[in-house]
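Coordinate inspection notes
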Amino acid sequence: MSLPQRRLDWTLAGACVLAVVTLVAAYSNSFGNSFHFDDSHVIVDNLFIRSVSNIPRFFRDATTFSSLPANAVYRPLVTTTLALDYRLGGGEVWQFHLSQLLMLIVLGTMIYALWAPIVGGVSDQWWHRHAALLAAALYAVHTTNTETLNMIAARSELLSAMGVVGSFLVYVRVPQSRRWHLYLLPMMVGALAKTPAVIFAPLFLAYVFLFERRLSLGDLFSRRSWPAVMGAITQALPAFGVGIATYLAMESQNAPTVNYAGGDRLHYLLTQFFVWLHYGRLFFLPIGLTADTDWGLIPQWYDTRVVGGLLFIGLLVWVIWRSSKTPEGRPVAFGLAWFCIALLPGSSIVPLAEVANEHRVFLPYIGLSLAVVWGLALFAQRQCEEWPAWRRSIGATAVLVALLAVGANAVGTHERNKNYVSEETLWRDVVAKSPGNGRGLMNYGLTQMAKGQFTEARQSFERARVLNPNYAALEVNLGIVTSRLNDPVVAERHFLRALQLQPDEPAPHFFFARWLVELGRTTDAIPHLQRAIALSPGHIAARHLLMETYARVGRPEESQALARNTLEVAPGDAKASQVLSGQAPSVSGRQVAAPVETPDGHLNTSLALYQARDFEGSIDAARRALALNPDYAEAHNNIAAANASLGRWDEAIQAAREALRLKPDFPLARNNLAWAEGEKQKARPVTAPSSQPR
């Protein structure tokens, strides 16, 4: 080996070490970042990932992926890795982040191992491996990818990308695999994490077309090239066959409750033209990143955003056309084709709930990184050939630009990680950048409610309600915050509205039940908890609360049966073990044997029952309040209002007078008394109650 070659190898080795160090430094402040978005139902509330003994079940039952039925997609490889992380780290968030970073390092290494022989096959320049390393390093530290790395449930993107790159690696570096098409195995494994991994098939066709058949995009329109074109298609047919079969098999395993919640196909497609332009801009200028956009569908084809997007796509096609004509330009064509093809599953005619998400470019940017880096490297090489006297300066400038690009993205990633530190930091950022996002306003309100700032939380929820008037999760949170602001009547109205909007989702049932338990209405809560568990067997919070509620109402056998069932799925569950050991269940760390009865608690129950038009129940609850506090004027008033609603004028008059005796300046009691006396005098049944309990 010559000395220059030896120096070249040492330089490359040093660059590899620098790339890994830079990547680790970029994500060094992310290990304590909290769970976000889908992490809540995929990890935090998912009972099944708490034991590695459930791993076989992950491959049979898609409902183990999420505690939300609408999100119960078949991604057993993701759930398996999450269960392993839970086991290794005891559920601590740092372990999940550590695995994310290790996977990214492995993926970056795989990308370099793939790009190096591809660019080496079209160029004999000494720097081709350095360019491949630069493309891999730039991709790995790219600031836009912080969403994928910080949201643990987005691990599906990491694993599926590893499957796609892995299939290429086996094909390129293990030629013996081609006879039996073993190179398709990594793609199939990747599809166990996310089905878009089967996009390998059209990517493979592009690879064969450009590098093995040495065709250009223009050859598609040349009759002389048709035999070669058909040869490329024939060579890729096994990949398409296995890919389609894999996709259908995986999608058939999804739970029937899965709902992608997309909109109109045509307007979604129109919007995607602009989204492509947005994704292209983010690669070169990753600023203004937001975890949740407030973009809607673009209604008109002549919108300037649509026109701008079409021009961008036209530019991509033109560059692919030009660069595919020469061997050294084909990596650029392949990288851009990779970008376009990989974007199609989420950015074409298949409508998804959000029109744009930053994690959707995780796989496409692998190709775009190659296209940009190799294109700029060719440009620098041509400048050196045209201006040989400036070769050293041009080379130094190219190295400086490369270091600045990687370094700037690494700094940007490190800064962007700070937005993911907590739910409050993330959703404050979303609200600032996407003020028209109702979900963002709701989630930011949740962070304020968690701090006890209920008035601020309610204001945020009300702003969100203007934008999303039929949002069940928002109604649930309005119910919770309204209850904290001592308005149980309105709170129950919000809970019931949530149940009306989403009767087959576990969350409205669970949170309504939790509120009922807090109110002392444990019997009413049980059916809702049972329904929540029936809809989502892995909903651990619903299981815990139902165990407690069974114990509260004197049904220990059912509490223990549920505890045993829970331990079958999660053997280490502390609360279930507590129930079976005979200890009283705990709420928020406090031991409770039975609910504490208070006059206020019974009065709140009376109010809620009155609002639900259960007037007899309202009277009974008010009487229980009077048993604890005979001088409770508000309870007498509730009895008056409920009796009046039932047309029992004498009982209503008596109760209202007693309330006024105890509290002479009680306007509600005075109104109820006037109502009852007036209706009694008319001697006709009431048609619409106008009273209000307090």
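For the structure, see preceding data.
My aim in this report is to walk through the structure given alongside it, one point at a time. (Residues numbered from 1 in each chain as written. Predicted model: local features only at pLDDT ≥ 70, side-chain atom pairs only at ≥ 80, totals over all residues. Heavy atoms only, no water.)

1. A short note on a nonpolar patch on the surface
- Where nonpolar side chains cluster on the molecular surface, the patch consists of Trp180, Leu182, Leu185 and Met188 and spans about 430 Å² of accessible area.
- Within the fold, Trp180 resides in the loop between α8 (155-173) and α9 (185-191). (Patch = residues over 30% accessible without salt bridge, like charges linked within 9 Å, V, L, I, M, F, W, Y side chains within 5 Å. Areas by Shrake-Rupley, 256 points an atom, 1.4 Å probe, with all protein chains shown as cover. Salt bridge = Lys/Arg side-chain N within 4 Å of Asp/Glu carboxyl O. Helix = DSSP H or I, 4+ residues; strand = E, 2+ residues; numbered from the N terminus.)

2. Some thoughts on helix α22 (residues 506-519)
- With 14 residues, α22 ought to run about 20 Å at 1.5 Å a step, and its terminal C-alpha atoms sit 20 Å apart, in line with that.
- With respect to burial, α22 is a largely interior element, 10 of its 14 residues being buried.
- Taken together, the buried positions of α22 are occupied by Pro506, Pro508, His509, Phe510, Phe512, Ala513, Trp515, Leu516, Val517 and Leu519.
- Just past α22, the residue Gly520 takes up positive phi, approximately 90°. (Expected span 1.5 Å × (residues − 1). Buried < 20%, exposed > 50% of the residue type's maximum accessible area, 1.4 Å probe, protein only.)

3. Some remarks on the packing of helix α29 (residues 633-645) against helix α30 (residues 649-662)
- For the pair α29 and α30, the least separation of the axes is 8 Å and the interaxial angle reads 160°. Compared by their axis directions, α29 and α30 come out roughly antiparallel. Our pair here, α29 against α30, has a crossing hand that is left-handed. The segment α29 lies against α30, with Ala633, His636, Asn637, Ile639, Ala640, Asn643 and Ala644 engaging Trp649, Glu651, Ala652, Ala655, Ala656, Glu658, Ala659 and Leu662.
- For the contact of α29 with α30, a count of residues per class yields 10 nonpolar, three polar and two charged. (Axes fitted to C-alpha atoms, helices over the stretch in contact; angles between N-to-C directions. Parallel < 35°, antiparallel > 145°, perpendicular 65-115°, else oblique. Left-handed = near helix turned anticlockwise from the far one by under 90°. Contact = heavy atoms within 4.5 Å. Nonpolar A, V, L, I, M, F, W, Y, C, P; charged D, E, K, R; others polar.)

4. Examining the side chain of Ser348
- Here Ser348 shows up in the loop between α14 (330-343) and α15 (364-386).
- For Ser348, a relative accessible area of 13% translates into the label buried.
- A polar atom in the side chain of Ser348 sits 2.4 Å from the backbone oxygen of Leu344.
- Ignoring sequence-local partners within four residues, the contact set of Ser348 consists of Tyr268, Leu269 and Gln272. (Polar contact = N/O pair within 3.5 Å; in protein donor to acceptor, adjacent residues only side chain to side chain.)

5. Points about the packing of helix α18 (residues 438-450) against helix α19 (residues 454-467)
- For the pair α18 and α19, interaxial distance at closest approach is 8 Å and the crossing angle is 170°. Taken together, the axes of α18 and α19 lie roughly antiparallel to each other. Within the contact between the two elements, α18 uses Gly438, Leu441, Met442, Tyr444, Gly445, Leu446, Gln448 and Met449 and α19 uses Phe454, Ala457, Ser460, Phe461, Arg463, Ala464 and Leu467.
- Residues of the contact of α18 with α19, tallied by class, amount to 10 nonpolar, four polar and one charged.

6. Side note on the pattern of salt bridges
- In total, this model carries 24 salt bridges according to the counting rule given.
- Here Arg155 makes a salt bridge to Asp85, at a shortest N to O gap of 2.7 Å. Here Arg155, found in helix α8, pairs with Asp85, found in helix α4 (residues 76-89); they are 70 residues apart in sequence, far enough to count as distant. Each member of the pair, Arg155 as well as Asp85, is classed as buried.

7. So, the nonpolar core
- Formed by 128 residues in total, the largest nonpolar core has its most connected members in Trp115, Phe168, Phe334 and Trp338.
- Per element, the largest residue contribution to this core is 15 residues, and it comes from helix α5 (residues 93-120).
- Aside from chain neighbours lying at most four places away, what touches Trp115 is Ala132, Ala135, Phe334, Trp338, Ile366, Gly367 and Leu370.
- Phe510, Ala513, Trp515 and Leu546 belong to the second largest nonpolar core, which has 38 residues in total. (Core = buried A, V, L, I, M, F, W, Y, C linked by side-chain atoms within 4.5 Å.)

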